[in-house]
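# Observations on the model geometry
So you can see what is in the structure, the chains are spelled out below.
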Amino acid sequence: NLTEDKFVRTVVNSIEENYGEFGLGYVLGQIKVKYLAVLTGTVLLRVPADFEKQSRVALATIVIVAGKRCVLNVIHVGGTIRSCQKKLVSYNVNKLHRQMLDTCDLKEKHYISQRLEDIIRDINNLCF
């Protein structure tokens with residue numbers, strides 16, 4: 001099961017593989033998961049602003065997270081957590097609406113609808 005700690009460890013390991021001890025020392029303690037939604041596969045990750053490009057490279061080289069194959073895509077880079085929060089709400093709402101349209105199962109539609117409400121509430125209640 002994916003947790004914030006597992007995701008951060010994966011990112012930090014990738015930074016160390018790509019940038020060695022310099023990269024590791026630079027970001028250690030500065031990378032933080034602000035939000036994680038396993039259902040939509042989205043993570044709001046805070047990284048040092050002047051290490052953003054290197055962090056993107058590190059994310060692009062990750063192919064396994066928590067024992068599962070994956071592809072990580074950066075959907076937004078913002079100067080503030082608040083701007084990322086707005087993009088995250090929009091992205092999750094659109095993704096869950098597509099999932100809801102793709103299913104014919106009423107129980108699954110109801111489950112997705114509940115998760116959508118939970119995700120919007122959780123993102124809007126984030127404390128920065």
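Residues numbered from 1 in each chain as written. Predicted model: local features only at pLDDT ≥ 70, side-chain atom pairs only at ≥ 80, totals over all residues. Heavy atoms only, no water.

## Digging into the pairing of strand S1 (residues 32-37)
Two strands pair when backbone bridges link them, and S1 and strand S2 (residues 42-46) are joined in this way by five bridges, in the antiparallel orientation. Along S2, the bridge assignment pairs Ala37 with Thr42. Once S1 ends, the chain turns through four residues before running back antiparallel as S2, passing Gly41 with a positive phi of about 70°. (Pairing = 2+ DSSP bridges. Helix = DSSP H or I, 4+ residues; strand = E, 2+ residues; numbered from the N terminus.)

## Describing the nonpolar core
Residues Phe7, Val11, Ile15 and Ile31 are the most contacted members of the largest nonpolar core, which totals 14 residues. Of all the elements in the fold, those that place two or more residues in this core are helix H1 (4-27) and helix H2 (52-60). If you tally residues by element for this core, the top one is H1, at seven residues. (Core = buried A, V, L, I, M, F, W, Y, C linked by side-chain atoms within 4.5 Å. Buried < 20%, exposed > 50% of the residue type's maximum accessible area, 1.4 Å probe, protein only.)

## As for the layout of surface pockets
By volume, the largest pocket amounts to about 1,200 Å³. Along the walls of the largest pocket sit 43 residues, with Phe7, Val43, Leu44, Leu45 and Leu59 positioned nearest its centre. Elements represented by at least two residues in the lining of the largest pocket include exactly S1, S2, H2, strand S4 (68-69) and helix H3 (81-102). The greatest single-element share of the lining of the largest pocket, amounting to six residues, is contributed by H3. (1 Å grid on protein atoms, 1.4 Å probe; cavity = no way out; pocket = protein on both sides within 12 Å on 5 of 7 lines; lining within 4 Å. Points joined across faces, edges and corners; volume = space filled by probe spheres on them.)

## Some details on the packing of aromatic side chains
Within the structure shown, the criterion is met by three aromatic pairs. Ring-pair connections join several aromatic residues into one group, and the members of that group are Tyr19, Phe22, Tyr26 and Phe51. (Phe/Tyr/Trp six-rings, centres within 6.5 Å; stacked < 30°, edge-to-face > 60°.)

## Comments concerning the confidence of the model for the protein chain
Per-residue confidence for the protein chain gives a mean pLDDT of 87; residues scoring 70 or more make up 98%. Considering each helix and strand of the protein chain separately, the mean pLDDT is smallest for helix H4 (residues 106-124), with a value of 81, and largest for H1, with 94. (pLDDT = per-residue confidence, 0-100.)

## Thoughts on the environment of Arg115
Within the element layout of this structure, Arg115 appears in helix H4. Arg115 sits 19 residues away from Leu96 along the chain, and the two C-alpha atoms are 8.5 Å apart. With residues up to four places along the chain from it excluded, the contact list for Arg115 reads Leu39 and Leu96. Among the polar contacts listed, one links the side chain of Arg115 to the side chain of Asp118, at a separation of 2.6 Å. (Contact = heavy atoms within 4.5 Å. Polar contact = N/O pair within 3.5 Å; in protein donor to acceptor, adjacent residues only side chain to side chain.)

## Overview of the packing of H1 against H2
Two numbers describe how H1 lies on H2: the axes approach to 9 Å, and their chain directions differ by 105°. In this view, H1 runs roughly perpendicular relative to H2, as classed from their interaxial angle. Across the interface between the two elements, Phe7, Val11, Ser14, Ile15, Asn18 and Tyr19 from H1 touch Gln54, Val57, Ala58 and Leu59 from H2. Within the contact of H1 with H2, the residues separate by chemical class into seven nonpolar, three polar and no charged. (Axes fitted to C-alpha atoms, helices over the stretch in contact; angles between N-to-C directions. Parallel < 35°, antiparallel > 145°, perpendicular 65-115°, else oblique. Nonpolar A, V, L, I, M, F, W, Y, C, P; charged D, E, K, R; others polar.)

## Regarding the pattern of salt bridges
Under the criterion given, the structure shown has two salt bridges. Close ionic contact of Arg115 with Asp118 constitutes a salt bridge, the shortest N to O distance being 2.6 Å. Highlighted residues: Arg115 and Asp118, both in helix H4, separated by three residues, approximately one helical turn. The exposure class of Arg115 is partly exposed, given its relative accessible area of 23%. (Salt bridge = Lys/Arg side-chain N within 4 Å of Asp/Glu carboxyl O.)

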